[in-house]
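Structure assessment
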Amino acid sequence: MTDRRPKNGLPPLVPNSADPLYRQVYERFRGAITQGTLAPGDRIPSARALAKEMGVARGTIEVAYSLLVAEGYIQTRGQAGTIVTPDLQPQAPPAAVAPPPETPDDEHGWHRPAVILPFQMGVPALDEFPRKLWARLGARQLRSVQAPDLSYPPSNGLMGLRTAVAAYLQVARGIHCQPSQVFITSGYNHSMLLVMQALLAPGDRVWVEDPGYPPTRALLAQARMQAMPVPVDQDGLMVGEGIARCIDAKAAVVTPAHQSPLSMSLSLPRRQALLEWAERQQAWIVEDDYDGEYRYASRPLPALKSLDAQGRVLYAGSFSKVLFPGMRLAYLVVPAAQVARFDRICRLLSGTAPGLTQSILTAFMAEGHFGRHIQRMRRLYSDRRNATAAGLAAALGDRMRIDPQPGGMHLVARMEGGLGDQPLAARMLEQGMYAHPLSRWSSLPDPQQGLLLSFTNIASETHAHELGLRIKALM
Ligand SMILES: Cc1ncc(COP(=O)(O)O)c(C=O)c1O
């Protein structure tokens, strides 16, 4: 078939449209002239040249041109060719569509700059990811692709990956589940979307930790659900407070391994109280276990899901922290009784997790690289955490205090007097350092102040010390 895509910047013609071809040519020129893309006096191609370029009969172009001449948009000037009428009122050029401004924090206190800045949260040590190994596995997967692999992947994920995740969770997080209970998603937000679609309804009230991960609040608001902030103390979510404030919430979203962002673990009595509440109220618990593997002083705690005898807990894990966030793969473990419901929702919202990436990850897990990588990262982060804390303490002395924490991927630094966390974080960003102000993670009155500082990409105490001196100069 003739390709009617012209090289002159005009949109291509639509061969079988209800609009005849001459009309389409006419509309394209008239649009270009009135929008200012073609200016008064601009020369336009001869009918013969344009007909050849567009792959249509010369007569088609001539009919379009004669209409444009009749309406006064163009003039033919014999040997000098055809031009846009010179004394046409100049039209305002089409308004340029400005890209949305890069803001340090969006309305939910979450922003990801294009480059990784010192202290930026949520990014693992990308320099330490075994890229060559990943590339080798990727090449192998690509070479072995068969025709059926090019079809749609299952909407709930490749069975091999779901099996590998179920096996990993059994050993590492104490969770007993069947591969059929594991749903592969493209990130925590996607997992939350599935939960909200499958189990909740607009208007539902949902407990969220305060301070807590801002995107969770934003997702609930987007789904017209009401986030009910419940404070945390040294034992994690204050379940009694949640019950006192909103006993009939339909769900609670919690980070039991390391509370996000303060990093304490949810104590066993609180875990039991939360499960009891959920069972009594027939409410759901979303366990966001985004970095449960990273505990440095002792073995990682079993997941809350491992205590879930009544099938009330949905366990959300992500590969963003343990591998790399660009992979966009995560998983959701749902209670056995809910599998059919999630299968249905997944089929409806399918198509988010590319099969090839899933198959590379399956090989990475099945061949033992995943476990080894986590072990190596745990040692590296323990070192980087100590180095960052020591470097900052040496530079900032008594101007800043660092909370003792058992795990996680960032430090919580408290300023002694002086500037509030939001102006200080804004000044740091101007200087190319990205701290999250703790107060932005809260919606309660009188929020705690502090800086959330990731250490995963700070490679030495010297570097941390140097950054600490730069922060001191801004305080
Ligand atoms: C509290 C919390 N939950 C979940 C995630 C994982 O999100 P995703 O899977 O979209 O990368 C993060 C990442 O920063 C997080 O901090």
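Read on for an overview of the structure. This structure is a prediction, so every number in the text was calculated from the model and none was measured.

Our next topic: the site of the ligand. Neighbouring the ligand are the residues Gly187, Tyr188, Tyr213, Ser260, Asp288, Tyr290, Ser318, Ser320, Lys321 and Arg328. Here an oxygen atom of the ligand and a backbone polar atom of tyrosine 188 are 2.9 Å apart. Between the ligand and the protein, one listed contact pairs an oxygen atom with a side-chain N or O atom of arginine 328 at 2.7 Å. Expressed as a share of its isolated accessible area of 400 Å², the protein-covered part of the ligand is 94%. Classifying every residue of the shell around the ligand by side-chain character gives 3 nonpolar, 4 polar and 3 charged.

Now for the packing of helix α1 (residues 21-34) against helix α3 (residues 58-70). Orientation of α1 relative to α3, taken along the N-to-C sense of each, is 45 degrees, at an axis distance of 8 Å. The orientation of α1 relative to α3 falls into the category oblique. Two packed elements cross with a definite hand, and for α1 against α3 that hand is right-handed. On α3, the residues touching Leu21, Tyr22, Arg23, Val25, Tyr26, Phe29 and Arg30 of α1 are Thr60, Ile61, Val63, Ala64, Tyr65, Leu67 and Leu68. Considering only residue class, the contact of α1 with α3 consists of 11 nonpolar, 1 polar and 2 charged.

With respect to the element layout, histidine 436 can be found in strand β14 (residues 436-437). Residue classification places histidine 436 among the buried residues on the basis of a relative accessible area of 2%. A polar contact is formed between the side chain of histidine 436 and the side chain of tyrosine 434, at a distance of 3.5 Å.

With that settled, the discussion passes to the state of the cysteines. Counting across every chain of the model gives 0 disulfides. There is no disulfide at cysteine 177, and the cysteine sulfur nearest it, in cysteine 346, is 15 Å away. Judged by relative accessible area, cysteine 346 falls into the buried class, the value being 3%.

Turning next to the packing of aromatic side chains. In the structure shown here, the tally under the stated rule is 17 aromatic pairs. A ring pair is formed by phenylalanine 129 and phenylalanine 364, whose centres lie 6.1 Å apart and whose planes are at 25 degrees; its orientation type is stacked. Taken together, the positions of phenylalanine 129 in the loop between β3 (82-84) and α4 (131-143) and phenylalanine 364 in helix α12 (residues 355-366) put the pair 235 residues apart, joining distant regions of the chain. By relative accessible area, phenylalanine 129 is classed as buried at 7%. The interplanar angle of 55 degrees and the centroid separation of 6.2 Å between the aromatic rings of tyrosine 213 and tryptophan 441 together place this pair among those described as tilted. Note that tyrosine 213 is positioned in the loop between β5 (205-210) and α7 (214-222) and tryptophan 441 in the loop between β14 and β15 (451-454), a separation of 228 residues in sequence. By the burial criterion, tyrosine 213 is buried, and tryptophan 441 matches it. Ring pairs connect the aromatic residues Tyr168, Tyr315, Phe319, Tyr331 and Phe370, which therefore count as one cluster. Cation over ring: arginine 162 sits above phenylalanine 183, and NZ or CZ is 5.5 Å from the ring centre. Over the ring of tryptophan 284 we find arginine 312, and its NZ or CZ is 3.9 Å from the ring centre.

Along the chain, valine 145 turns up in the loop between α4 and α5 (159-173). What makes valine 145 partly exposed here is its relative accessible area of 31%. Valine 145 sits 211 residues away from leucine 356 along the chain, and the two C-alpha atoms are 8.9 Å apart.

Turning next to the sheet that holds strand β13 (residues 410-415). What the 4 strands build is an open sheet, ordered β12-β13-β15-β14; its pairing is antiparallel. Unpaired on one side and paired on the other, β12 (400-402) and β14 mark the two borders of the sheet. In the sheet, β13 pairs with β15 via 4 bridges, with the strands oriented antiparallel. By the bridge assignment, leucine 411 is partnered in β15 with leucine 453. Each of β12, β13 and β15 touches helix α13 (residues 369-396); the most contacted strand, β13, lies at about 20 degrees to it.

Conventions and cut-offs
- Residues numbered from 1 in each chain as written.
- Predicted model: local features only at pLDDT ≥ 70, side-chain atom pairs only at ≥ 80, totals over all residues.
- Heavy atoms only, no water.
- Near = heavy atom within 4 Å.
- Polar contact = N/O pair within 3.5 Å; in protein donor to acceptor, adjacent residues only side chain to side chain.
- Areas by Shrake-Rupley, 256 points an atom, 1.4 Å probe, with all protein chains shown as cover.
- Nonpolar A, V, L, I, M, F, W, Y, C, P; charged D, E, K, R; others polar.
- Axes fitted to C-alpha atoms, helices over the stretch in contact; angles between N-to-C directions.
- Helix = DSSP H or I, 4+ residues; strand = E, 2+ residues; numbered from the N terminus.
- Parallel < 35°, antiparallel > 145°, perpendicular 65-115°, else oblique.
- Left-handed = near helix turned anticlockwise from the far one by under 90°.
- Contact = heavy atoms within 4.5 Å.
- Buried < 20%, exposed > 50% of the residue type's maximum accessible area, 1.4 Å probe, protein only.
- Disulfide = S-S within 2.5 Å.
- Phe/Tyr/Trp six-rings, centres within 6.5 Å; stacked < 30°, edge-to-face > 60°.
- Lys NZ or Arg CZ within 6 Å of the ring centre and 35° of its normal.
- Pairing = 2+ DSSP bridges.

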